[in-house]
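The primary structure of each chain is shown beneath.
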Amino acid sequence: MARGRDRHQAHQQALAGLGRVLSRRAGSSCELCGEGAGLRPFEVEGGPSEPDPEWAVLACERCREAMGPKGRWSAGELRFLETAVWSDVVPAQLAAVRLARRVAEAGEGWARDALDGLYLDPSVEVLL
Ligand SMILES: [Zn+2]
């Protein structure tokens, strides 16, 4: 068990270590909503086992909570996804589209409209 925990810790440290490169890319704001406070790297599912900037986004607490395993969000606070799904930063676009899908599945019409009107590059679509 201890070894698993060590590995988890090393992984979290490596992820935190992406902070600087992600901040530079993101202009020190949340890559989904643009918020400037409480930013931390968040790993986008589906990437390599080692944290990778191409599979991570800089995200504020609200967005991390919404994207996290518990998926805590209130739809009224997520309208920024209408813009974020068009991000030209691939991991941010992936994260935004996945979250918008969850929101749409929960019955939010605006999220469904945002996804319906979205053009996704085929190279991004295969990653979803
Ligand atoms: Zn955010």
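Above this text is the structure in question.
Residues numbered from 1 in each chain as written. Predicted model: local features only at pLDDT ≥ 70, side-chain atom pairs only at ≥ 80, totals over all residues.

Concerning the overall build of the protein chain
Put simply, the rule is: Secondary structure follows DSSP: runs of H or I at least 4 residues long count as helices, runs of E at least 2 residues long count as strands, and numbering of each begins at the N terminus. Note on method: radius of gyration uses C-alpha positions; expected globular size equals 2.2 Å times residues raised to 0.38. For every residue, the other C-beta atoms within 10 Å of its own C-beta are counted; 20 or more classify it as buried, 12 or fewer as exposed, and values in between as partly exposed. C-beta atoms are placed from the backbone. We call two residues in contact if the C-beta atoms placed from their backbones are at most 7 Å apart.
Along its length, the protein chain carries seven helices and two strands. Ordering the α and β elements of the protein chain from the N terminus gives α-α-β-β-α-α-α-α-α. Scaling as 2.2 N^0.38, a compact globule of 128 residues should have a C-alpha radius of gyration of about 14 Å, and the protein chain matches this with 15 Å. Dimensions of the protein chain, computed from C-alpha atoms along their principal axes, come out at roughly 45 × 30 × 30 Å. Here the protein chain, with 128 residues, has 28% of them falling under the buried criterion. Across the protein chain, contacts joining residues at least 24 apart in sequence account for 58% of those joining residues at least 6 apart.

Considerations on the packing of helix α5 (residues 90-105) against helix α6 (residues 109-116)
The condition is simple: For helices, the fitted line uses only the C-alpha atoms of the stretch in contact; every axis is such a line through C-alpha atoms, and the angle between N-to-C directions lies from 0 to 180 degrees. Every angle not falling under 35 degrees, over 145, or within 65 to 115 is termed oblique; those three ranges are roughly parallel, roughly antiparallel and roughly perpendicular. If you view the pair so one helix is near and one far, a crossing is left-handed when the near helix is turned anticlockwise from the far one by less than a right angle, and right-handed when it is turned clockwise. Just so you know the grouping, Ala, Val, Leu, Ile, Met, Phe, Trp, Tyr, Cys and Pro go in nonpolar, Asp, Glu, Lys and Arg go in charged, and all remaining residues, Gly too, go in polar.
α6 packs onto α5 with a crossing angle of 135° between their chain directions and a minimal axis gap of 7 Å. Viewed along their axes, α5 and α6 adopt a mutual orientation that is oblique. As for the relative orientation of α5 and α6, their crossing is left-handed in sense. In this structure, α5 uses Ala100, Arg101, Val103 and Ala104 to contact α6, whose residues at the interface are Ala111, Arg112, Ala114 and Leu115. Counted by class, the contact of α5 with α6 contains six nonpolar, no polar and two charged residues.

Concerning the environment of Pro69
Summarising the element assignment, Pro69 is placed in the loop between α3 (61-67) and α4 (81-84). In this structure Pro69 comes out as exposed when scored by C-beta crowding, with 6 C-beta atoms within 10 Å. In the structure, Pro69 is positioned 55 residues away from Ala14 in sequence and 20 Å away in space, judged by C-alpha atoms.

Thoughts on the nonpolar core
Spelled out, the test is: Throughout this description, the term nonpolar core refers to a group of buried Ala, Val, Leu, Ile, Met, Phe, Trp, Tyr and Cys residues whose C-beta atoms join them within 7 Å.
Residues Leu32, Val57, Ala59, Leu81, Ala95, Ala96 and Ala100 are the most contacted members of the largest nonpolar core, which totals 31 residues. Mapped onto this core, the elements with two or more residues apiece are α2 (19-26), β2 (56-59), α3, α4, α5 and α6. Take this core: its biggest share by element is eight residues, from α5. For Ala100, the residues in contact, after removing those within four places along its chain, are Leu81, Val85, Ala111, Ala114 and Leu115.

As for the environment of Pro122
Here Pro122 shows up in helix α7 (residues 122-125). On a C-alpha basis, the gap between Pro122 and Glu65 in space is 28 Å, while along the polypeptide they are 57 residues apart.

Some points on α5
Under the convention used in this document: An expected span of 1.5 Å times one less than the residue number is assigned to each helix.
End to end, α5 covers 22 Å across 16 residues, agreeing with the expected 22 Å (1.5 Å per residue, within 8%). Along α5, the residues classified as buried are Pro91, Ala92, Gln93, Leu94, Ala95, Ala96, Val97, Leu99, Ala100 and Val103. Buried residues in α5 make contact with β2, α3, α4, α6 and α7. Gly107 lies just past α5 and shows a positive phi near 100°.

Side note on the pairing of β2
What counts here: Two strands are said to pair when DSSP picks up at least two bridges between them.
Burial along β2 is two-sided: the residues Ala56 and Leu58 and Val57 and Ala59 are all buried. Judged from the four bridges that link them, strand β1 (residues 40-43) and β2 form a sheet pairing that is antiparallel. Along β2, the bridge assignment pairs Arg40 with Ala59.

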